[in-house]
Amino acid sequence: MSEISTDELLTIAVRVARQGAVTARRMRDEAIGDVETKSTDTDVVTAADKAVERQVIEALLAERPGDGVLGEEYGDSATVAPGAVRWILDPIDGTVNYLYGLPQYAVSLAAEVGGAVVAGVVINAATGDEWTATRGGGAWRAGRRLAGSARTTLDQSLVATGFGYDARRREHQGAVLARLITRVRDIRRLGAAALDLCLTAEGSLDAYFEKGLNLWDHAAGGLIAEEAGLVVGGLSGAPAGNEMLVAAPPALFGALHDVLVELDAAGGP
């Protein structure tokens, strides 16, 4: 990556994501009156999701016109040449929280080069809390390097997860959860995958798993978790992706992985 360093990419990402977070906060009262649905009636998108995505794309391409952007609402903006930067954006991760005024929604922005995420930032737009990482440079929050949870046993672990929007998928996920909850300390469902990954990276949660995530949901948060020393992957040797993402410290990953395989957490619709 001769043209621009990962630190420079992170600097751009942080600046642009902060501007997007300001827009999300400013627009909330008006945006929740303009709500549409996507895959199902429970899968919502607000005017702010679209406005923040347009703003971030315009800012990135004004500064780096040769780059591409993959966003949740508008898809790929351009075909990226080999070795060029592709930005991966979730303008408001946690739209249902945003809709209800719960302070758990985020702008997530990552820079990808050659198929690998090399820099990322997640900003809780409601609170201003910010997590960052560069590949090989560690994960950080407010000047503190993150190292994940020191928990070593699954039965004492606080585990976060999320649910899909399709009713049949939720039915399967609920059945998995009903059997998992007796084998962990407790379960949390906060409603924003990027923030779940960041909270796991800093040790406020011990581990996290979810089926059905898209790349924009986990690109930045996944790098932050990895750079905090967590194992981020799928099941049975598969990479983290739509079928399953598990993020946990090395001491917990194997036990959680095996339970999720046993419970067929990646199964169902």
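Structural data are supplied above this passage.
Every chain is numbered on its own, with residues counted from 1 as its sequence reads. Thresholds applied to this predicted model are a pLDDT of at least 70 for local features of residues and 80 or more for the giving and counting of side-chain atom pairs; totals over whole chains, interfaces and linings are not thresholded and use all residues. Derived side-chain values reflect all non-hydrogen atoms in the structure, with water molecules and hydrogen atoms excluded from consideration.

To continue, consider helix H4 (residues 167-180). The end-to-end C-alpha distance of H4 is 20 Å, a good match for the 20 Å that 14 residues give at a rise of 1.5 Å each. Inspection of H4 places Arg169, His172, Gln173, Val176, Leu177 and Leu180 among the buried residues, and these make up the whole buried set. Along H4, the residues classed as buried sweep out an arc of 140 degrees about the axis, all on the same side. Facing away from the buried side of H4, by more than 90 degrees, are the exposed residues Ala167, Arg168, Glu171 and Ala178. Pairs of N or O atoms are called polar contacts if they sit within 3.5 Å, as long as, within protein, a hydrogen donor faces a hydrogen acceptor (for residues adjacent in sequence, only side-chain-to-side-chain pairs). Helix and strand assignments follow DSSP, with helices taken as H or I runs no shorter than four residues and strands as E runs no shorter than two, numbered in order from the N terminus. Measuring from the side-chain oxygen of the N-cap residue of H4 to the backbone nitrogen of Arg168 gives 2.9 Å; that N-cap residue is Asp166. Expected helix span is computed as 1.5 Å times (number of residues minus one). Accessible area is worked out with a 1.4 Å probe on protein chains only. A residue is then buried under 20% of its type maximum, exposed over 50%, and partly exposed in between. To obtain the arc, one takes the directions from the helix axis to the C-beta atoms.

The next point concerns the pairing of strand S9 (residues 138-141). Where strand S8 (residues 130-134) meets S9, three bridges bridge the pair, whose relative direction is antiparallel. Counted as the bridge partner of Thr132 is Trp140 from S9. By the convention used here, strands pair only if DSSP detects at least 2 bridges between them. Two elements, S9 and strand S10 (residues 144-145), share two bridges in a ladder whose sense is antiparallel. Considered in S10, the bridge of Arg141 is made with Arg144. With antiparallel pairing between neighbouring strands as the criterion, S9 and S10 make up a hairpin whose turn holds two residues, including Ala142 at a positive phi of roughly 50 degrees.

It is worth spelling out empty space enclosed by the protein at this point. Here the term cavity refers to a set of points on a 1 Å grid, laid over the protein atoms alone, in which a 1.4 Å probe fits but cannot get out; the term pocket refers to an open set having protein on both sides within 12 Å along at least five of seven lines, with lining residues being those that place an atom within 4 Å of a point. Grid points are joined across faces, edges and corners, and a volume is the space filled by probe spheres set on the points. Per the counting criterion, the structure on display carries one cavity of 30 Å³ or more. Estimates place the volume of the largest cavity at around 80 Å³. The wall of the largest cavity is formed by Thr161, Gly162, Phe163, Gln173, Val176, Leu177, Phe209, Glu210, Lys211, Met244 and Ala265. At the level of elements, H4 and strand S13 (207-210) are the ones that each hand at least two residues to the lining of the largest cavity. In this count, Pro and Cys sit with the nonpolar residues alongside Ala, Val, Leu, Ile, Met, Phe, Trp and Tyr, while Asp, Glu, Lys and Arg are called charged and the others, Gly among them, polar. Taken together, the residues of the lining of the largest cavity sort by class into six nonpolar, three polar and two charged.

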